[in-house]
Amino acid sequence: MTWFLDHLDVVWSRALQHSYLAGVPLVIGLLLALPLGWLARRYPRLYAPFTAGFGLLYTIPSLALFVILPVILGTRALDPINVVVAMTLYTVALLVRTVADALGSVPDHVQQAATAMGYTRVRRFFAIELPLAVPVISAGLRVAAVSNVSIVSVGTIIGVNQLGLFFSDGFDRDFYDPLFVGIVACVVLALLFDAVILLITRLATPWVRATGARA
Amino acid sequence: MINKTFAWLTDPSHWSGSDGIPTRIFEHLWYSALALAVAALIAIPLGLAIGHTGRGRLFVVNLAGAARAIPSLGLLYLMVLWLFPKISGDNAFLVPVFIVLIVLAIPPLMAGAYAGVEGVDPAARDAAKGMGMTGMQVLRKVEVPNALPLIFSGFRSATLQVIATTTLAAITGAGGLGRFLIDGQKILQYEQMVSGAIVVAVLALVVDALLAVVQRYAVSPGLTGRSSGRSASALSTQRSNTPLDVEIPVAQRTVDSQPS
């Protein structure tokens, strides 16, 4: 505990960097996955190749991806951009299927009712399908958020600044304090991400509470 | 770089001996398989029990969520530091790796099992009870077969995560394909690192493809959309007849979070 208080500033700066490396890809990944998931739902022929194809990205081990990306992107090995790109790929990998399935979970009769009320396809998507798909998309986003926070710490091996550096600090010196602080900080950060997504989902889906359905 | 990597991968001397690619693949698969087996023995019966009785669901869901948040690398370092003085020989490197992989594999396995049982059509369950089946018979003959697609989905997602994370075993001094990444980094031999990365990714893909084939033949045709007629599985709630090809944790959460 004293170690933690003595190193509060380092913990804070690494936690900020960690949130950036895990959070920015989450937003970019969601923005990329929405149109891709929509395409997979709109054109059934694309569903299998899209969901399976993007899902394959998830099979690449993070350590391997961190190592390969500088070769592909032409970036420097220690550039944090490698981590951002890797985490974005993982987020897209997890979310394309979720978005496609979430849009598919909107009942046909609801869509027909909207069409009958004169909604154009675009308006129907933004006013009806997307809001109703939010609970399912959010469930996928929560998994992606928590796994992103955990995976970013692997960046330690390639020396990127984030909370994982406390793991190697503690390990190299045979000293438990930084290790514990690093792990607890990672878990707290993951739970914070989760809580924020839950809160936004709650605000975006007032009807879920009104009808007593599970979100 | 691509040429150098290709040269490294096709060099016959890298395909033999105790630090060759086949040996490392074998080590990698053996760590992964043992961890998955132990995790499955713990998680699947627990998941089935929760799905069947509906008891303890909230507790386990939260526990699994928290377990997902634990960074594998941090846990690995912690376990090595703690267990290394207590264990002798090679096991001092291996036991921490197994603990981390088991902790990693339990949440998706358990989620698949309980979401699968929970999602079974209540009419099917009622019919089985009406026929005079006991609780165990309902579980064994109705719930488990119906839950198989999601149990497999959890198993495949656990397998992918475990194979990817076994790469970290090399950090503790244990073997596996992570050795090429770690050793390559030490001597700054980039082509070795990239080759190792490629071999792990291919291994994960091959194992997942094999599991897809097993799933195809293990799951009842009535559930996969291979036969005509309305599917009684939980998947039908998503109005998708496509069997889940590549499984990711979201699949279970999606079913789990279906507004009902």
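Numbering of residues begins from 1 in every chain and follows the order in which that chain's sequence is written. Each chain is given a letter, starting from A, and each ligand a number, starting from 1, according to the order in which they appear as written. With the structure being a predicted model, the display of local features is reserved for residues of pLDDT at least 70 and the display and counting of side-chain atom pairs for 80 or more, all residues being used for whole-chain, interface and lining totals. With hydrogens and water excluded, all non-hydrogen atoms of the structure serve as input to the side-chain values.

- As annotated in an unreviewed UniProt entry, chain B is Osmoprotectant transport system permease protein from Pedococcus badiiscoriae.
- Within the UniProt record for chain B, the comment given under Sequence similarities (unreviewed entry) is "Belongs to the binding-protein-dependent transport system permease family." UniProt positions are given in the numbering used here, feature names are shortened, and annotations may be inferred rather than shown by experiment.

- An unreviewed UniProt entry lists chain A under the name Osmoprotectant transport system permease protein, with Pedococcus badiiscoriae as the source organism.
- Quoted verbatim from the Sequence similarities (unreviewed entry) heading of the UniProt record, the comment on chain A is "Belongs to the binding-protein-dependent transport system permease family."

1. Considerations on the overall build of chain B
Stage number 1. The helix and strand labels rest on DSSP assignments: H or I over at least four residues marks a helix, E over at least two residues marks a strand, and numbering proceeds from the N terminus. A tally of helices and strands in chain B yields eleven helices and zero strands.
Stage number 2. When the helices and strands of chain B are read in sequence order from the N terminus, they spell out α-α-α-α-α-α-α-α-α-α-α.
Stage number 3. Within chain B, the fraction of its 260 residues that count as buried is 54%.
Stage number 4. Between two residues, a contact is recorded if the distance between any of their heavy atoms is within 4.5 Å. Put simply, 73% of the contacts in chain B that link residues at least 6 apart link residues at least 24 apart. Residue exposure (1.4 Å probe, protein chains only): buried if accessible area is under 20% of the type maximum, exposed if over 50%, otherwise partly exposed.

2. Observations concerning the UniProt feature "transmembrane region" (unreviewed entry) in chain A
Residue and element names in this part refer to chain A.
Stage number 1. Here the UniProt-annotated "transmembrane region" (unreviewed entry) positions come out as residues 20-39, 46-69, 81-104, 149-167 and 179-200.
Stage number 2. The straight-line gap between the two end C-alpha atoms of residues 81-104 is 34 Å; of that span, 100% is helix and 0% is strand.
Stage number 3. Across residues 179-200 one finds 100% helix and 0% strand; the C-alpha atoms that close the span lie 32 Å apart.

3. Re helix 7 (residues 121-152) of chain A
Residue and element names in this part refer to chain A.
Stage number 1. Expected helix span is given by 1.5 Å per residue-to-residue step, counting one fewer step than there are residues. The terminal C-alpha atoms of helix 7 lie 39 Å apart, and with 32 residues this falls more than 12% below the ideal 46 Å at 1.5 Å per residue.
Stage number 2. Take the seven residues that end at a residue and the seven that start at it, fit an axis to each, and the angle between those axes is the bend at that residue. The largest bend in helix 7 is about 50°, located at Val134, with the proline Pro135 one to four residues further on.
Stage number 3. Of all 32 residues making up helix 7, 23 are buried, and the element is well covered by its neighbours.

4. Regarding the environment of Pro35 of chain A
Stage number 1. The residue Pro35 of chain A is located in helix 2 (residues 8-42) in this model.
Stage number 2. Separated by 81 residues in the primary sequence, Pro35 of chain A and Ala116 of chain A place their C-alpha atoms 25 Å from one another.

5. A closer look at the packing of helix 8 (residues 178-186) of chain B against helix 9 (residues 190-218) of chain B
Residue and element names in this part refer to chain B.
Stage number 1. Orientation is described by axes fitted as lines to C-alpha atoms, over the contacting stretch for helices, and by angles from 0 to 180 degrees between their N-to-C directions. Between helix 8 and helix 9, whose axes approach to 7 Å, the crossing angle comes to 170°. With respect to helix 9, the element helix 8 is oriented roughly antiparallel. Listed contacts from helix 9 to Phe180, Leu181, Asp183, Gly184 and Gln185 of helix 8 are Gln192, Met193, Gly196 and Ala197.
Stage number 2. Ten residues, namely Ala, Val, Leu, Ile, Met, Phe, Trp, Tyr, Cys and Pro, are considered nonpolar, four, namely Asp, Glu, Lys and Arg, are considered charged, and the remaining ones, Gly among them, are considered polar. A class-by-class count of the residues in the contact of helix 8 with helix 9 yields four nonpolar, four polar and one charged. Here is the rule for angles: anything less than 35 degrees is roughly parallel, anything more than 145 is roughly antiparallel, 65 through 115 is roughly perpendicular, and the remaining ranges are oblique.

6. Considerations on the UniProt feature "transmembrane region" (unreviewed entry) in chain B
Stage number 1. In this numbering, the UniProt entry assigns the feature "transmembrane region" (unreviewed entry) to residues 29-51, 63-84, 91-115, 158-182 and 194-214 of chain B.
Stage number 2. Annotation note: span residues 29-51 of chain B, helix share 100%, strand share 0%, distance between end C-alpha atoms 31 Å.

7. Looking at the UniProt feature "domain: ABC transmembrane type-1" (unreviewed entry) in chain B
Stage number 1. Residues annotated by UniProt as "domain: ABC transmembrane type-1" (unreviewed entry) correspond here to residues 25-211 of chain B.
Stage number 2. The distance from the first to the last C-alpha atom of residues 25-211 of chain B is 18 Å, and the span holds 82% helix and 0% strand.

8. Points about the interface of chain B and chain A
Stage number 1. Tallying the contact residues gives 48 residues for chain B and 54 residues for chain A.
Stage number 2. Summed over both partners, buried area is the accessible surface (1.4 Å probe) that two parts give up on being assembled. Buried area between chain B and chain A, both sides added, is near 4,700 Å², and the carbon and sulfur share of it is 73%.
Stage number 3. For this analysis, a salt bridge means a side-chain nitrogen from Lys or Arg found within 4 Å of a carboxyl oxygen belonging to Asp or Glu. The interface formed by chain B and chain A includes zero salt bridges.
Stage number 4. Those elements that provide at least two residues to the side of chain B that touches chain A are helix 3 (57-69), helix 4 (72-83), helix 7 (135-166), helix 8, helix 9 and helix 11 (249-256) of chain B.
Stage number 5. In terms of residue count, the dominant contributor to the side of chain B that touches chain A is helix 4 of chain B (nine residues).
Stage number 6. Residue composition of the side of chain B that touches chain A, grouped by class: 31 nonpolar, eleven polar and six charged.

9. Topic: the UniProt feature "domain: ABC transmembrane type-1" (unreviewed entry) in chain A
Stage number 1. Mapped onto this numbering, the UniProt entry gives "domain: ABC transmembrane type-1" (unreviewed entry) at residues 15-201 of chain A.
Stage number 2. Along residues 15-201 of chain A, the helical share is 83% and the strand share 0%, with 24 Å between the first and last C-alpha atoms.

10. Quick notes on the nonpolar core
Stage number 1. Judged by nonpolar contacts, the single largest core of 111 residues is most densely connected at Phe66 and Ile157 of chain A together with Leu109 of chain B.
Stage number 2. Ranked by the residues each element gives to this core, the list is headed by helix 5 (residues 80-104) of chain A, at 14 residues.
Stage number 3. Here Leu109 of chain B is in contact with Leu36, Ala39, Ala40, Ala43, Ile44, Gly154, Phe155 and Ala158 of chain B, once residues within four sequence places are set aside.
Stage number 4. Leu160, Phe180, Val207 and Leu211 of chain B belong to the second largest nonpolar core, which has 13 residues in total. Only buried residues count toward a nonpolar core. Its members are Ala, Val, Leu, Ile, Met, Phe, Trp, Tyr and Cys residues joined through side-chain atoms within 4.5 Å.

11. Some details on the side chain of Thr205 of chain A
Stage number 1. Considering the arrangement of structural elements, one finds Thr205 of chain A in the loop between helix 9 (176-204) and helix 10 (206-210).
Stage number 2. The residues touching Thr205 of chain A, leaving out its near neighbours within four places in the chain, are Pro131, Val134 and Pro135 of chain A.

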